[in-house]
Amino acid sequence: MTIIARSTEPVLQRPATLTEALALSGPGSVWWAGGTDLWLMIDRKGLRPEALIDLTHIAELRAIQTTGAETTLGAALTLAELEASPLPAVADTVRSMCTVQTRTLATLGGNLCHAAPSADLAPVLLALGAEVSIAGPAGTRRIPLDGFFTGPGRTVLSAEEILTAVHVPTPQRQTAAYTRIARTVVDIALVGAAASLTLDEECHVLDARVALCAVAPVPLLVPGIAEALKGRAYDGLDFAGCAKMAEEACAPITDLRASADYRRRMAGVLTRRALTTAADHLRRMPCA
Amino acid sequence: MTISFDPTEHDHVGKPLPVRDAREKVSGRLRYANDLALAGMVHGALVRSPHAHAKVLRVDATEALALPGVVGVLTHEDTPRTVWDGCWFNYRGPALDGHARFAGDEVAAVAATTPEIARAAAALIRVEYEVLPAVLTAEAAGATGAEPVRDEGNLREPYVAEWGDLAAGEAEADHILHAVIDHPSQQMATIGRNACLADWEGDRVTVWTGSQTPSELKTGLAMALDIPQSKVRVQALPTGSSFGQWWSNNFMMITALLARKIGRPVKIELSNAECFATVKRRHKELSTGRIGVTEDGRITFLEIDHVMDNGGYGFKNDVGFFCVDNWGRAESGRCTVRAASTNLVTAGCMRGVGDVTLGNCVERLCDMAAERLGLDPVEFRLSHQLRTGEPLRHIMGHDVPEVAQARSDSKAFRAKVPADWPEPFVLSSGSTAEILREGAAAFGWDQRFVGWGKPNHCDGEIRRAVGVGTGIHCCGVELEGGTAATVRVNPDGSVKLHASVGRHGSGAETTQVQVAAEALGVTWDMIEMETGDTDSCPWSHGSIASNTMYRTGFATVSAAKDAKRQILEVAARNLFNCDPDDLDIRQNLVHRRTRPDNERYTIAEVLNAVRSDALGQFSTVIGRPTEAMPPSTTFARHFAAHFVEVEADVGTGEIRLLDYLACQDSGTVVNPHVLMNQVIGGAICGAGFALHEELHFHPETGAVMNDGFLDYKVLRSADFPARTQVIFGNSHDSVGPYGARGAGEAPIAAPVPAICQAVFNAIGCWVDLPMTPERVIAALDRLGHTPH
Ligand SMILES: Cc1cc2nc3c(=O)[nH]c(=O)nc-3n(C[C@H](O)[C@H](O)[C@H](O)COP(=O)(O)OP(=O)(O)OC[C@H]3O[C@@H](n4cnc5c(N)ncnc54)[C@H](O)[C@@H]3O)c2cc1C
């Protein structure tokens, strides 16, 4: 409960372009998006930045673009803005998050870069096979989201790098769903699971993914799901095997919110439910 | 039931008048203690023990005092050894005595020019401790050779209430059922953080802080500072929510001591974590009980053994278990409460104390009995719960000689109280009967309850079922003195009501003004109320124990009547030349009863008629209570009956509340908006305790681990059914003001048993509290099969 006196307030900078933002970065500076996680780091966890570089006034970080093959979401889009995103599973997910006030401030990039094991957008984007674009002093790179998280609160980003966008492939005949357990309406996930199912033209499973949050140090993709379901007719799939694989893939901890045993078991239950919901959505899709 | 109260007869009572400070609250202009500052003020921070139990050997403040901006340090060596008491022993101890009794207990304080410097200085104070063995549970506190948490020892004298012949009851029972319920500790979880500001002028101190018990705080400060009460002025400010948290708290004593030591005004503002972990909480309570029933549905005995922990500074030996009154038709019974001191943060009266926990155990036992006999839970309650005129079992202070004597000789007692008061030691008015019947009809209970342990709807892993629970609480407790109020009528006819009830969001300042306006005959906009200044308000319990309407309201009405009598005497003598009894006041006008429209004077005209001299000194009328206070636990209770439908997910263990109906019998409804707010607020808080709320204590240090809203989950309105309905009963009390009784605590007692029962009906087994998803799954595992 001890707090050391703050000598100076951090300065707030508000670049209008990515180039300006990267040029402002220096020792003691941090990227500021919605501030909903960062402010708590400053107020409660003793983080003492010298400069806050606000990314939310950079137009290219706030755009949604759809091409035939993918949708690109700017990293500084707020959760409230994502409620109207063209990706129904992402829109559903953000509606289950935070409070109205927090959703109005909090951003997609902040949710991923804060890298909380419980971040709700991570599993749904992993299940959708998303990739991320990163800009830094050395240029830009694009990498799969799977591999972005390296530990609780840690990612592959260096301090000078910015997450600029999330790219979500949008194949035909794909559906996805996210489901979570939380204690009350406003809470972080005790366990979360997202699933996606993609069919081929014969209505057989072409691809499938399950991703989990809050059951391991990082949000994770469950290995082997696509192999288990591939080629099967989507109607009447049995997801018990996938649930088992999810239980085996996770490495949960026990804390005040839930025990490791409960989390592991729920990883299975929620995997089954997310897959079932995704399959239900497929049923409502005209199959080629 | 006949309608005994006709709101059309009244100008103010029964009206949904707006809450007086609503506009300031919603516009952010209401001033809390945190908002105040004085010229020359410095900021205090507290040094807290990291150990559950330790003696302070040495405090070295050298480094802290060297920090620029630091003004001074207070330790136990500067502190009077006097012990201060909180109301009903919610606290008992010296402000600082070099003995840390829980992790987070205050051991020193430091003042500096900014809050940041003060906190940095607090971290620089080196305290050397002798660590003592920690007593972290009530059970450990009672073990032989247990380390004493306090000089008085760890165990309080057990508190026992008994009636009937228990042995005969046991012998007669066809079925005996047992229950053990471990009630975790609930935190008041107040949204606001409190602050305290103290300022000395010579040897007199003024203290500004959020408190629902301004008078008690004044008494406590006088004890802690070792000065006469006349030298202490408390200016109690709104607390935000309180639920029992902000009565008199030790950090307030320390603020005043620190200000005295350094000779400057000092403000100490608590952090959210300090509010959660260092002030107060509901006791951890373990209830063990047995019930006996006959095949034909009689309850032959009820026996409860209830163990509670007081934490470091609580000193109570009972919780208010009026639940045994509610099930008082049980033919015999014994209820024993045992209290123990532990090295956990202080526990005390949180809203609904006892009736939320012990009451839940009584309801559980009765539900188990009804289930065994296959009886409907509403019907079982209707046949066994107390009715007006039936004996009360739990008389607070029944072991106090005066009370014991009054009980054994009720004629002598009657001779002392007004002739029109009801019989003592029997329920004066109301019961659960009417609200249970009306509630069951409105809820559609007969259609929705399909049998014990049976859901009314199954879909995949979803089970839905309904439950009912009842709650009761007192309407104030008389043991600490007579609550009073004064009504001052100014020369211009405006009125100031003074009663130190504090402002903790219950709406008391609105309803007190309503009954005062009614009694005096003035419009309510003519009255302002002072709720927190102990220099102008006479002593009062404050807003605790659901006493504000029944007891403070009684004093307010009595004082208003006294003021009215004085005004009418002046008017009769100087203006009407008649008997004062022939006059009345309504709508601010004094007139003859017989010809109200003929000759009328404003109150200002009446008072100006006694201008005492040529300089224009007008008179002020001061009304004060002239009637004796009702001994409330001897007569009055208030009641709740709640109906709920839940949805249980047997895959994840999640419980959702689908539909809620809260019925309340508080006697006359003085203001339906205010009462509705009390009822729904209680229901949400009780539901939170049933489903999520639980303080986690560190296994070694006893420190509160979930000291914030991230991991202490309270329900928000979005967690509660939007269609929640409220129904008011229609009883009328012959003692309470305009027939009103108490209100605020029965509504938090009823939700817990109602939700437990609904969950039982949904999944077929009882679940430990709080019924988190994980505990629901554990209960289903014990059941061994997916229900239904
Ligand atoms: C009341 C409340 C409820 C919440 N509920 C939920 C919930 O239900 N589910 C959930 O997942 N989270 C929840 N959160 C957490 C939080 O709101 C989200 O994680 C949010 O998305 C963070 O976004 P932000 O823009 O506010 O991030 P910030 O706080 O601005 O930043 C977070 C971190 O990411 C870095 N950062 C931000 N943007 C970038 C970028 N483009 N490139 C590089 N680094 C960047 C920052 O430097 C910082 O380290 C809740 C928070 C609160 C206060």
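Residues numbered from 1 in each chain as written. Chains lettered and ligands numbered in written order. Predicted model: local features only at pLDDT ≥ 70, side-chain atom pairs only at ≥ 80, totals over all residues. Heavy atoms only, no water.

Colleague: Could you give an account of the overall build of chain A, naming the residues involved and the relevant values?
Modeller: The helix and strand inventory of chain A stands at 10 helices and 14 strands. For chain A, the spread of C-alpha atoms along the principal axes amounts to about 65 × 45 × 35 Å. Across the 288 residues in chain A, those meeting the buried criterion constitute 50%. Partitioning the contacts of chain A with sequence separation of at least 6, the portion at a separation of at least 24 is 61%. Summed over all atoms, the accessible surface of chain A reaches about 12600 Å², with 55% contributed by carbon and sulfur. (Helix = DSSP H or I, 4+ residues; strand = E, 2+ residues; numbered from the N terminus. Buried < 20%, exposed > 50% of the residue type's maximum accessible area, 1.4 Å probe, protein only. Contact = heavy atoms within 4.5 Å. Areas by Shrake-Rupley, 256 points an atom, 1.4 Å probe, with all protein chains shown as cover.)

Colleague: Can you explain the pairing of strand E14 (residues 266-269) of chain B? Please cite residues and give values.
Modeller: Residues and elements named next belong to chain B. Note: strand E1 (residues 42-48) against E14, three bridges, orientation parallel. Bridge pairing links Val42 to Val266 in E14. Across four bridges, strand E11 (residues 195-201) lies against E14 in antiparallel orientation. The residue bridging Ala198 from the neighbouring strand is Val266, located in E14. (Pairing = 2+ DSSP bridges.)

Colleague: Describe the interface of chain B and chain A, naming the residues involved and giving the relevant values.
Modeller: The interface of chain B with chain A comprises 30 residues on the first partner and 25 residues on the second. Buried surface at the junction of chain B and chain A, both sides included, amounts to about 2300 Å², of which 57% is carbon and sulfur. When residues of chain B are sorted by the area they lose upon contact with chain A, Asp711(B), Lys713(B) and Glu774(B) head the list and together hold 22% of the total. At the junction of chain B with chain A, the criterion picks out seven salt bridges. Run the count over chain B and chain A and you get 12 residue pairs in polar contact (both at pLDDT 80 or more). Listing elements by their share of the side of chain B that touches chain A, those giving two or more residues are helix H3 (115-124), helix H8 (272-277) and helix H22 (773-783) of chain B. With five residues, H3(B) is the single largest residue contributor to the side of chain B that touches chain A. (Buried area = accessible area lost by both parts, 1.4 Å probe. Salt bridge = Lys/Arg side-chain N within 4 Å of Asp/Glu carboxyl O. Polar contact = N/O pair within 3.5 Å; in protein donor to acceptor, adjacent residues only side chain to side chain.)

Colleague: Any details on helix H17 (residues 548-576) of chain B? Residues and values, ideally.
Modeller: Residue and element names in this part refer to chain B. The sharpest bend along H17 comes to roughly 25 degrees, located at Phe554. Counting buried positions along H17 gives 22 out of 29 residues, so the element sits mostly inside the fold. Backbone geometry just downstream of H17 places Asn577 in the positive-phi region, at approximately 55 degrees. (Bend = angle between axes of the 7 residues up to and from the residue.)

Colleague: Tell me about the sheet that holds strand E25 (residues 600-602) of chain B, residues and numbers included.
Modeller: Residue and element names in this part refer to chain B. What the three strands build is an open sheet, ordered E23-E24-E25; its pairing is antiparallel. The open sheet is flanked by strand E23 (583-586) and E25, the only strands paired with a single partner. With strand direction ignored, the average angle separating the axes of adjacent strands in the sheet is 30 degrees. One ladder, built from three bridges, connects strand E24 (residues 589-592) with E25; its direction is antiparallel. In the strand pairing of E25, Leu589 is matched with Thr602. Contacts from H17 reach E23, E24 and E25, with the element oriented near 120 degrees to E23. (Axes fitted to C-alpha atoms, helices over the stretch in contact; angles between N-to-C directions.)

Colleague: Break down the domain arrangement of chain B for me, citing the residues and quoting the values.
Modeller: Residue and element names in this part refer to chain B. Partitioning chain B into structural domains gives domain 1 (1-31 + 427-475 + 636-788), domain 2 (41-132 + 188-277) and domain 3 (478-623). Between the C-alpha centres of domain 2 and domain 3 the distance comes to 38 Å. Contact residues are listed per partner, giving 22 residues for domain 2 and 20 residues for domain 3. Across the interface of domain 2 and domain 3, roughly 1600 Å² is buried in total on both sides, 48% from carbon and sulfur atoms. Ranking the residues of domain 2 by area buried against domain 3 places Trp88, Gln212 and Ser215 at the top, with a combined share of 37%. Remark: the boundary between domain 2 and domain 3 carries two salt bridges. A salt bridge links Arg233 to Asp533, with the shortest nitrogen-to-oxygen separation between them at 2.5 Å. In this structure, the connection of domain 2 to domain 3 is made through eight residue pairs in polar contact (both at pLDDT 80 or more). When contributions to the side of domain 2 that touches domain 3 are tallied by element, the ones reaching two or more residues are helix H6 (214-225) and strand E13 (232-237). (Domains from an automatic or database assignment.)

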